[in-house]
Amino acid sequence: MSAPETSSPAVVCSQCSTPMYSPLCCASCGALNPVPPEGLHFNYFELFGLPAAYDLDAAVLHRRYLALSRGVHPDIHGGGSDDQRRQALALSAELNRAYETLRDPVARAEYLLMLAGGPSPAEDKSVPPRLLGEVMTLREELEEAEGSKDAEAMERLRQTIATRRQATMDEIANLCRSTTRDEAIRRQLRKQLNAVKYWNSLLEKAQTTAA
Ligand SMILES: [Zn+2]
């Protein structure tokens, strides 16, 4: 397993006392983190030894994911007891969940909002003002262009939608970089995360229409 590239290790291995950069497993002796009976409660950022921030180095995340995957791979611990194998399976599944969450910008922002105690999508479905009207208009224009088989108009609409989606993602990034201890920021972030779902589905429609 490769050596840590940032952040100081918070814990030491219970087996060999080597500082661990991820609580998942020991890079030195390969010992796995014991899975508590009530289940796993890892902070996904700590799991990769990364600071809890929206901006992250995707290459570092990927490298650590690969290194940790080898460390917790059930086959490596297959020769051990049933307990060890179960442990490896649970840690491996958790590692995959963590990776899928952190590598996707929307899922990462959702996770940061959750860590900050912000509202879930079910608790707050509100969207920025004017979003629904704008989405409805673009949807109608898209259907019109599709109906008249106007490829140029469809491409223009696809670009407009992609630009609006990107603006929402930029807003999400800015809000994540502001202090999420501020409740007004958390509410704004919730709205933008709700909005990006509309842009995603509209963009998908525009792409299938254009194809
Ligand atoms: Zn160890």
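Just so you know, these numbers come straight off a predicted model, no measurement behind them.

Draft legend 1. Structural detail: the confidence of the model for the chain. For the chain, the average pLDDT comes to 89, and 90% of its residues sit at 70 or higher. Ranking the helices and strands of the chain by mean pLDDT puts helix 6 (residues 151-177) first, with 97, and strand 1 (residues 11-12) last, with 79.

Draft legend 2. Looking closely at the packing of aromatic side chains. Applying the stated criterion across every chain yields a total of three aromatic pairs. Plain terms: the ring middles of Y44 and Y111 are 4.6 Å apart, the flat faces sit at 10 degrees to each other, and that makes the pair stacked. In this pair, Y44 is assigned in helix 1 (residues 44-47) and Y111 in helix 4 (residues 105-115), connecting sequence segments 67 residues apart. Here Y44 falls in the buried class, since its relative accessible area comes to 11%. Given the relative accessible area of 8%, Y111 is considered buried. For the pair F45 and Y111, a centre-to-centre distance of 6.0 Å together with 40 degrees between the ring planes defines the contact as tilted.

Draft legend 3. Here's a closer look at the domain arrangement of the chain. Each assigned domain of the chain is listed with its residue range as follows: domain 1 (11-103) and domain 2 (131-210). Its C-alpha centre places domain 1 at a distance of 36 Å from the equivalent point of domain 2.

Draft legend 4. Layout of the packing of helix 3 (residues 82-103) against helix 4. Taken N-terminus to C-terminus, the directions of helix 3 and helix 4 make an angle of 105 degrees; their axes are 5 Å apart at the nearest point. Relative to helix 4, the element helix 3 lies roughly perpendicular. Along its contact with helix 3, which presents E100, T101, L102 and R103, the element helix 4 presents P105, A107, R108 and Y111. Split into classes, the residues belonging to the contact of helix 3 with helix 4 amount to four nonpolar, one polar and three charged.

Basis of the calculations
Residues numbered from 1 in each chain as written. Predicted model: local features only at pLDDT ≥ 70, side-chain atom pairs only at ≥ 80, totals over all residues. Heavy atoms only, no water. pLDDT = per-residue confidence, 0-100. Helix = DSSP H or I, 4+ residues; strand = E, 2+ residues; numbered from the N terminus. Phe/Tyr/Trp six-rings, centres within 6.5 Å; stacked < 30°, edge-to-face > 60°. Buried < 20%, exposed > 50% of the residue type's maximum accessible area, 1.4 Å probe, protein only. Domains from an automatic or database assignment. Axes fitted to C-alpha atoms, helices over the stretch in contact; angles between N-to-C directions. Parallel < 35°, antiparallel > 145°, perpendicular 65-115°, else oblique. Contact = heavy atoms within 4.5 Å. Nonpolar A, V, L, I, M, F, W, Y, C, P; charged D, E, K, R; others polar.

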